Amino acid sequence: AQSVTQPDIHITVSEGASLELRCNYSYGATPYLFWYVQSPGQGLQLLLKYFSGDTLVQGIKGFEAEFKRSQSSFNLRKPSVHWSDAAEYFCASNDYKLSFGAGTTVTVRA
Amino acid sequence: ETGVTQTPRHLVMGMTNKKSLKCEQHLGHNAMYWYKQSAKKPLELMFVYNFKEQTENNSVPSRFSPECPNSSHLFLHLHTLQPEDSALYLCASSQDSTPGTSGEETQYFGPGTRLLVL
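Let me begin by describing the structure that accompanies this report. Numbering of residues begins from 1 in every chain and follows the order in which that chain's sequence is written. In the order they appear in the text, chains get letters beginning with A and ligands get numbers beginning with 1. Where local features are concerned, this predicted model is filtered to residues with pLDDT of at least 70; where side-chain atom pairs are given and counted, the filter is 80 or more; whole-chain, interface and lining totals use all residues. Side-chain numbers come from the whole structure's heavy atoms, not from hydrogens or water.

**Some details on the overall build of chain A**
- Under the scheme used here, helices are H or I runs from DSSP no shorter than 4 residues and strands are E runs no shorter than 2 residues, and both carry numbers assigned from the N terminus. In terms of helices and strands, chain A carries 0 helices and 12 strands.
- The secondary structure elements of chain A, listed N-terminal to C-terminal, are β-β-β-β-β-β-β-β-β-β-β-β.
- Against the compact-globule benchmark of 13 Å for 110 residues, chain A has a radius of gyration of 13 Å, which places it among compact chains.
- Categorising residues by exposure relies on relative accessible area from a 1.4 Å probe, with only protein chains included: less than 20% of the type maximum marks a residue as buried, more than 50% marks it as exposed, and the intermediate range marks it as partly exposed. For chain A, the residues scored as buried account for 48% of the 110 residues in total. The size measure is the radius of gyration over C-alpha atoms, and the globule rule it meets is 2.2 Å times the number of residues to the 0.38 power.

Listed below in C-alpha cells is the structure:
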C-alpha cells in the first residue's frame with residue numbers, strides 16, 4: 001500500500017527567506033505525486049504535479065518540487081516566501097487512489 | 001477559482017436533522033469525490049463516482065448517503081449525524097478516476113462545507 005509522509009508538522013519562516021517542505025512516499029514503482037495548498041477556511045489548491053520526465057517540476061505561485069527516486073522524496077521549495085504563503089501544505093501520491101500526507105503548516109513571520 | 005463549487009459553505013445541524021451538501025463542477029470532468037477533513041487527521045476519502053457510477057465507498061457509515069445524478073453534480077445526504085461527524089467536507093473532481101491515465105486523474109477541489117453537528 002502506498003503512503004505519504006510529511007515529517008514536519010509545523011514550519012516557521014521569515015518573509016523573504018527560502019522554504020523547503022519535505023515529502024516522502026513509499027511505493028515500489030514511480031507514483032504520481034502532487035502538492036496542494038490549503039489556506040484557512042478554503043479547499044485544496046493544486047500547486048504542481050509530477051508524472052514522469054523532468055524531475056524538477058515548476059508550479060504556481062513560484063513553487064517548485066524535485067522528485068528524487070533514490071530518496072523516495074518529492075520536496076517542495078520556494079526561494080523567497082511571501083506572507084500570503086502562510087497556509088497548510090499537503091503532499092499526495094496517486095497509485096489506485098489519492099493518498100495524502102498529514103500536512104505541514106507554514107507560518108510566515110514579518 | 002470557480003471550477004468546483006460547494007454549497008452551503010457552512011452548516012450547523014442537530015443530530016436529528018436531515019440536510020444535504022451539494023457539489024458542482026464546471027470542468028467537464030467525469031469523476032467526482034467526497035472527502036472528510038477533520039482536525040489533526042489526514043484527509044479521508046469517502047466516496048468516488050466515475051461516469052455517475054459509485055466506484056468506491058470507503059467504509060462510510062450509512063448516515064452519509066451520496067448521490068450523483070450526472071457527471072457535474074454530486075450530493076451528500078446527511079441524516080442522524082453524530083458530533084464526531086463535524087468536519088470540513090471537500091468535494092473534488094477529475095477527468096477520470098482510473099489510475100495510470102497520465103494526469104487525467106488529477107483532482108481539483110472545491111472550497112468545502114464546514115459542518116458542525118450539535
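**Quick word on a nonpolar patch on the surface**
- Any residue with relative accessible area above 30% and no salt bridge may belong to a patch, with like charges joined within 9 Å and the nonpolar Val, Leu, Ile, Met, Phe, Trp and Tyr side chains within 5 Å. For the area figures, the Shrake-Rupley method with a 1.4 Å probe applies, and any residue is considered shielded solely by the protein chains shown. What counts as a salt bridge is simple: a side-chain nitrogen of Lys or Arg found within 4 Å of a carboxyl oxygen of Asp or Glu. The grouping of Val 12, Leu 116 and Leu 118 of chain B at the surface amounts to a nonpolar patch, some 290 Å² of accessible area in total.
- Checked against the element boundaries, Leu 116 of chain B lands in strand β11 (residues 113-117).

**With respect to the sheet that holds strand β1 (residues 4-7) of chain B**
Residues and elements named next belong to chain B.
- Spatially, β1-β3-β8-β7 is the arrangement adopted by the 4 strands of the open sheet, whose pairing is antiparallel. Only two strands of the sheet have a single partner each, and these edge strands are β1 and β7 (64-70). Geometrically, the sheet is characterised by an average inter-axis angle of 20° between neighbouring strands, direction not taken into account. Paired strands, as defined in this entry, are two strands with at least two bridges between them according to DSSP. Fitting a line to C-alpha atoms yields each axis, with helices limited to the stretch in contact; the angle taken between N-to-C directions then spans 0 to 180 degrees.

**Points about the environment of Arg 63 of chain B**
Residues and elements named next belong to chain B.
- If you trace the backbone, Arg 63 turns up in the loop between β6 (53-57) and β7.
- Through-space distance from the C-alpha of Arg 63 to that of His 79 is 5.3 Å; in sequence the pair is 16 residues apart.
- The contact criterion used is simple: two residues touch if any of their non-hydrogen atoms lie within 4.5 Å. Non-local contacts of Arg 63, meaning those with residues more than four positions away in its chain, are made with His 77, Leu 78, His 79, Thr 80, Leu 81, Gln 82 and Asp 85.
- By the criterion applied in these results, polar contacts are pairs of N or O atoms within 3.5 Å in which, for protein atoms, one can donate a hydrogen and the other can accept it, and in which residues neighboring in sequence qualify only through two side-chain atoms. Here Asp 85 takes part through its side chain, which lies 2.7 Å from a polar atom of the side chain of Arg 63.

**Let's talk about the interface of chain B and chain A**
- Taken together, the contact between chain B and chain A spans 23 residues of the former and 21 residues of the latter.
- Summed over both sides, the interface of chain B with chain A buries roughly 1,600 Å², with 53% coming from carbon and sulfur.
- Summed over the three residues of chain B that lose the most area to chain A, namely Leu 43, Thr 106 and Phe 109 of chain B, the buried surface amounts to 24% of that side.
- On inspection of chain B and its partner chain A, the count reaches 5 residue pairs in polar contact (both at pLDDT 80 or more).
- Residue assignment for the side of chain B that touches chain A shows that the elements contributing at least two residues are β4 (31-37), β9 (87-94) and β10 (108-109) of chain B.
- Residues of the side of chain B that touches chain A, tallied by class, amount to 10 nonpolar, 9 polar and 4 charged. Buried area: the accessible area, evaluated with a 1.4 Å probe, that two parts lose upon being put together, summed over both parts. Note on residue categories: nonpolar means Ala, Val, Leu, Ile, Met, Phe, Trp, Tyr, Cys or Pro, charged means Asp, Glu, Lys or Arg, and polar means any other residue, Gly included.

**Some details on the layout of surface pockets**
- Estimated volume of the largest pocket: approximately 540 Å³.
- Space inside and on the surface of the protein is sampled on a 1 Å grid over the protein atoms alone, with a cavity defined as a set of points where a 1.4 Å probe fits but cannot get out and a pocket as an open set with protein on both sides within 12 Å along at least 5 of 7 lines; lining residues have an atom within 4 Å of a point. Looking at the largest pocket, it is lined by 25 residues, and the ones nearest its centre are Glu 88 and Thr 105 of chain A together with Gln 37, Ala 39 and Lys 40 of chain B.
- Contributing elements (two or more residues each) for the lining of the largest pocket: β10 (87-94) of chain A together with β9 of chain B.
- At 3 residues, β10 of chain A tops the list of elements feeding residues into the lining of the largest pocket.
- Here the lining of the largest pocket is built from residues that sort into 9 nonpolar, 11 polar and 5 charged. Grid points are joined across faces, edges and corners, and a volume is the space filled by probe spheres set on the points.

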